[in-house]
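In case you want the letters, here they are:
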Amino acid sequence: MELLGVSPYRLSRSFTRELGVSPTRYRNRVRIGVALDRLDAGEESLAVLAAGLGFSDRAHFCRTVRQYVGHTPTALRRLLAPRPDRRLLAPRLDRRGLTQRPD
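Residues numbered from 1 in each chain as written. Predicted model: local features only at pLDDT ≥ 70, side-chain atom pairs only at ≥ 80, totals over all residues. Heavy atoms only, no water.

J.: Explain the environment of Val65 here, please?
T.: Topologically, Val65 is positioned in helix 4 (residues 58-69). Classification of Val65 as buried rests on a relative accessible area of 2%. Sequence separation between Val65 and Arg31 is 34 residues; the distance between their C-alpha atoms is 9.2 Å. Setting aside its immediate chain neighbours within four residues, Val65 contacts Ile32, Gly70, His71, Thr72, Pro73 and Leu76. (Helix = DSSP H or I, 4+ residues; strand = E, 2+ residues; numbered from the N terminus. Buried < 20%, exposed > 50% of the residue type's maximum accessible area, 1.4 Å probe, protein only. Contact = heavy atoms within 4.5 Å.)

J.: What exactly am I supposed to notice about the nonpolar core here?
T.: In globular proteins that are soluble, nonpolar side chains generally tend to be buried together. Formed by Ile32, Ala35, Leu39, Leu46, Leu49, Ala50, Leu53, Phe55, Phe61, Cys62, Val65 and Leu76, the largest nonpolar core amounts to 12 residues. Where this core is concerned, the elements lending two or more residues are helix 2 (23-40), helix 3 (46-52) and helix 4. Leaving out residues up to four positions away in the same chain, Leu46 has contacts with Leu39, Arg58, Phe61, Cys62, Pro73, Thr74 and Arg77. (Core = buried A, V, L, I, M, F, W, Y, C linked by side-chain atoms within 4.5 Å.)

J.: How should the pattern of salt bridges be read in this particular structure?
T.: Taken as a whole and judged by the stated rule, the model has 2 salt bridges. Across the pair Arg17 and Glu18 runs a salt bridge whose closest N-O atoms are separated by 4.0 Å. Like Glu18, Arg17 is exposed. Where Arg38 meets Glu43, a salt bridge forms, and the shortest distance between an N and an O atom there is 3.0 Å. (Salt bridge = Lys/Arg side-chain N within 4 Å of Asp/Glu carboxyl O.)

Spelled out as structure tokens, the structure:
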């Protein structure tokens with residue numbers, strides 16, 4: 001903060017006033033966005049991901065993701081996993097031979 005010539009408190013207050021969000025919430029939003037991109041790209045280790053994004057540990061990372069997105073990283077990984085195109089699946093028939101929606 002010395003480079004800017006202001007106290008951390010004043011910088012935080014100015015940041016929040018100008019952007020409408022605290023520095024911590026802004027930083028976490030950016031980190032969660034990167035985390036989502038890396039989960040979508042197939043990142044395997046949550047511990048490595050958490051460390052790479054500056055979280056103190058995997059549990060802190062998981063709590064923060066859940067707080068911001070509403071799902072844990074593991075649940076998000078399942079949601080982001082590629083699925084076969086449902087339109088290409090053959091329709092199922094019920095016992096009477098009637099067509100049903102594909103599962």
